[in-house]
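Now for the letters of each chain:
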Amino acid sequence: MPTARRMILGHVMSGICHKMNRTKRLPADILETPLNRCLSTLDITLLGVGHMIGAGIYVLTGAVAKEIAGPGIIISFILAGFVSLLAALCYAEFGTRVPKAGSAYIYCYVSVGEFWAFVIGWNILLEHLLGAASVARAWSGYVDSMLDGVVSNITVSITGEMHEQLLAKYPDILAFLVCISYAVGLAAGAKATAVINGLLTVVNLLVMVVVIALGFWYADLHNWSEAEGGFLPYGMTGVLAGAATCFYAFVGFDSIATSGEEARSPATSIPLATILSLSAVTLVYILVSAALTLMVPIRNIHPTAAIPEAFGALDLPWAKYAISLGALCGMTTTLVGSLFALPRCMYAMASDGLLFNCFGNVDAKTQVPLLNLAVAGFLSALLALLFDLEKLVEFMSIGTLLAYTIVSASVIILRYRPPHVDPGNAFAPDTPDDDRSSQSSIDTASPTSDVIELALTGRLRPQFRWLEPLLGRCEPGAAASAGVLLFVVFSVAVSLQLKVSWKELVHGTWWALGLYGFLIFCLVACVVVIAAHHQNVRSLDFKVPLVPYIPALSIFCNIELMVHLSLLTWIRFFIWIAIGMLVYFLYGIHHSKEAEDCGTSYSMLMTSAEACKGHWGALQTKSSSSAKSPKEDKAPIIEEEEVPE
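The structure contained in this document is the topic of the report that follows. Being a predicted model, the structure only gives us computed values, none of them experimental.

### Notes on the overall build of the protein chain
- In terms of helices and strands, the protein chain carries 26 helices and zero strands.
- Residue pairs in contact within the protein chain that sit at least 24 positions apart in sequence constitute 84% of those at least 6 positions apart.
- Just so you have it, the protein chain exposes about 27,000 Å², and 68% of that area is on carbon and sulfur atoms.

Here it is in structure tokens:
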């Protein structure tokens, strides 16, 4: 009987693992959606630019320059922009593959599996919640600064101060009202939102041109001299810490991917808008940071209203108020971007059954998920009411970096996975409908280059046949997937060692050199194993260049930035993940729309459990036959994949 219990437990765990790893089946018509496909490439580009150029440039720049990196914030933005660009290339390829709402969540669902998709989706919800709350808080702070503290003084006199370490100094009622107001405005629909966002973004960009021009006109190189602390007053450690924080400024580009289900031509609009918006925003951040630190010594930078106060100190009051107007426009577009993306991510997860069904409803008139918008607006307003900007920003970065890491890993996995091989669902998640139909029309009796490419996907390339004894028995795509997993593990090890024992490495300590040499060898070996296999790049309008090298570099850079976040941020992150696990295992895993494919597994489990009560031999027979069936099902597929000589 104990053996029987172990067998039942084995069946149960096998069923749970199958559910966690099942991947999403794309619909026959992948472009069909209840949302309104009304956004052009320009609309989506301005949505991304508006989401990124907001609180990051007006608030974050001053805080990082004064307290973390000094003038080295320029390098911090270059590093953060480079890491974001690597991730953006991966997002752009997925935007071509899967033109659906949900961003990294949906990308992970069709490639890696349901559990990791839920983890990413849960963190995206947090990202946009915190993004909206932090921008509302910054918006309120800017207005308060323009009015010489009138708003904060009146609020404190009415409500008093909150003497709690985890909360803000006082409840920000203005930030609460701002979140609620913009959530109500977004109910008008996607096109109206895009038009308003576009106008405000253009105003913001014009203000940025004025800031850069005047900043370099009044620049003083003495502010970068040793007398003022030098260009790197906090060293490279400060630059890296600043890059991890500055990463917040670029998180808005994944709202472009979230709009994939409302784009007129997502296969071209999403990649183009992603690259254009991120490149433009990175350039603007670098130039504004240089202008600010050249105008004002870092000791005189105002941490919450750096740019207007800098021009105020230069006796340019008109510029101060013009820039404050641009700042409010920029922060409004960032707030709009977060509140635009959040309801659509909730809609994508609810449509798949991983969140409550009520969040999957779309209003027939406005074609907007109104309930999601109401919940998103209220929760972000509540966070803005109670928490200060610094805590919101730091907590936000960790979930975004994790999403970028898994998206980059998913690109590699899909490139080396044969189109019809899916460990969770026996479905080609990486192959759009038009690609699958083209496969069915190929005459396999007379092989073409397309047939050969499909058949070779995930198999060793001729120049790497020397790896045959080690990898020859792996199923196509399995070795590449394992290589990605090991690369992530070794990247974490290298990043932790760089943080803990950097001084030993610099001084040439023998054990540090030996350890780093071994870890770097393992990283290179993982990349070589991945690159040793054939890729499938058919029917992709946009492809990440130099796969697996660029996605692998993106994974490493994301992990390196994550390691530099504070311990308290990690503790908060794990608390949020724990709440998400309760939602997934108590609701999502049982209501998933992919659960229909698991009916056979459930019936098998129940039959085995009943047979166990009467006869142990019957249970053993059933277990052995069920263990053989997957291999027997796969055999014909592998034979069909063989390439005629």
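### Here we look at the nonpolar core
- In terms of nonpolar packing, the biggest core is built from 148 residues, with Y58, Y91, Y105, M208, F311 and M331 touching the most fellow members.
- Top element by residues in this core is helix α6 (residues 114-146). It accounts for 19 residues.

### Brief notes about the pattern of salt bridges
- Following the criterion strictly, the structure yields five salt bridges and no others.
- With its nearest N and O atoms 3.5 Å apart, the salt bridge here joins R137 to D172. Separated by 35 residues along the polypeptide, R137 in helix α6 and D172 in the loop between α7 (150-159) and α8 (173-186) bring together distant segments of the chain. In this pair, the class of R137 matches that of D172, namely buried.

### A few points about the packing of helix α2 (residues 41-52) against helix α12 (residues 266-295)
- Put simply, α2 and α12 touch, their axes get as near as 8 Å, and they point 35° apart. At the point where α2 passes α12, the crossing takes the right-handed sense. Here T41, I44, T45, G48, V49 and M52 of α2 lie close against α12, whose contacting residues are S269, I270, L272, A273, L276, S277, L278, V281 and Y285.
- Per-class residue counts for the contact of α2 with α12 are 10 nonpolar, five polar and no charged.

### Examining the environment of V239
- Here V239 shows up in helix α10 (residues 235-246).
- Since its relative accessible area comes to 0%, V239 is described here as buried.
- Excluding its chain neighbours within four sequence positions, the residues that come into contact with V239 are A69, G72, I75, S76, L79 and L232.

Rules of the game
- Residues numbered from 1 in each chain as written.
- Predicted model: local features only at pLDDT ≥ 70, side-chain atom pairs only at ≥ 80, totals over all residues.
- Heavy atoms only, no water.
- Helix = DSSP H or I, 4+ residues; strand = E, 2+ residues; numbered from the N terminus.
- Contact = heavy atoms within 4.5 Å.
- Areas by Shrake-Rupley, 256 points an atom, 1.4 Å probe, with all protein chains shown as cover.
- Core = buried A, V, L, I, M, F, W, Y, C linked by side-chain atoms within 4.5 Å.
- Buried < 20%, exposed > 50% of the residue type's maximum accessible area, 1.4 Å probe, protein only.
- Salt bridge = Lys/Arg side-chain N within 4 Å of Asp/Glu carboxyl O.
- Axes fitted to C-alpha atoms, helices over the stretch in contact; angles between N-to-C directions.
- Left-handed = near helix turned anticlockwise from the far one by under 90°.
- Nonpolar A, V, L, I, M, F, W, Y, C, P; charged D, E, K, R; others polar.

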